[in-house]
Amino acid sequence: MLDKIRNWWSRWRPDWRGVSEINACAPFDLDRIARDLQMTVSELRQVAASGNSELLFSRLRERGIDVKTIDPDVLHDLQRCCGICLNKALCAHELEDGPIAARWPAYCPNQVTIDALTLMKCH
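What counts and how
Residues numbered from 1 in each chain as written. Predicted model: local features only at pLDDT ≥ 70, side-chain atom pairs only at ≥ 80, totals over all residues. Heavy atoms only, no water. Helix = DSSP H or I, 4+ residues; strand = E, 2+ residues; numbered from the N terminus. Buried < 20%, exposed > 50% of the residue type's maximum accessible area, 1.4 Å probe, protein only. Contact = heavy atoms within 4.5 Å. Areas by Shrake-Rupley, 256 points an atom, 1.4 Å probe, with all protein chains shown as cover. Disulfide = S-S within 2.5 Å. Core = buried A, V, L, I, M, F, W, Y, C linked by side-chain atoms within 4.5 Å.

If you tally the helices and strands in the protein, you get 8 helices and 0 strands. Listing the helices and strands of the protein from first to last along the sequence gives α-α-α-α-α-α-α-α. Among the 123 residues that make up the protein, the fraction classed as buried is 33%. Summarising the internal contacts of the protein: among those between residues at least 6 apart in sequence, 69% fall at separations of at least 24. Split by element, the accessible area of the protein, about 7800 Å² in all, is 58% carbon and sulfur.

Written out as structure tokens, the structure reads:
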């Protein structure tokens, strides 16, 4: 049980190193970086705090989707949406418990894209 809690916490907790790096940037640089990534500065801060994309990659693996086969622009958008999602704790908990595919998409901002990628994989 303790291992389950550690795994969940390591995936859910913010990445303080990413937050520190973002906070060290000048406002002009933050605006430029956010614009280059097609997001707001607020979204950039949320993505930096969210750490890695392990939850997203786990969801993709669950659907049998190889990250390497996803168009880089689509993957970027998936990571951005996952990074600003407010349901990371629920996502991590469901992944830990063995997700039921019919349940998780209701709150996932990537539901439509992942469903489309799943269909493309099947054809």
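The subject of this paragraph is the state of the cysteines. Applying the stated rule across the entire model yields 0 disulfides. Free of any disulfide, cysteine 85 has its nearest neighbouring cysteine sulfur in cysteine 108, separated by 6.4 Å. Cysteine cysteine 91 remains unbridged, with the sulfur of cysteine 82 as its closest cysteine sulfur at 6.3 Å.

What follows is about the environment of glutamate 54. Structurally, glutamate 54 is set in helix H5 (residues 54-62). The class of glutamate 54 is partly exposed, set by a relative accessible area of 29%. When the C-alpha atoms of glutamate 54 and cysteine 82 are compared, they prove to be 9.9 Å apart, with 28 residues separating the residues in sequence.

A few words now on the nonpolar core. Leu56, Leu60, Ile65, Ile70, Leu75, Leu78, Cys82, Ile114 and Leu117 form the largest nonpolar core, which has 9 residues in total. Of all the elements in the fold, those that place two or more residues in this core are H5, helix H6 (72-84) and helix H8 (111-122). For this core, the element with the highest residue contribution is H6, accounting for 3 residues. Ignoring any residue separated from it by four or fewer positions in sequence, one finds leucine 75 in contact with Leu56, Phe57, Val67 and Ile70. Ranked by size, the runner-up nonpolar core spans 6 residues in total, among them Leu30, Ala34, Met39 and Ala48.

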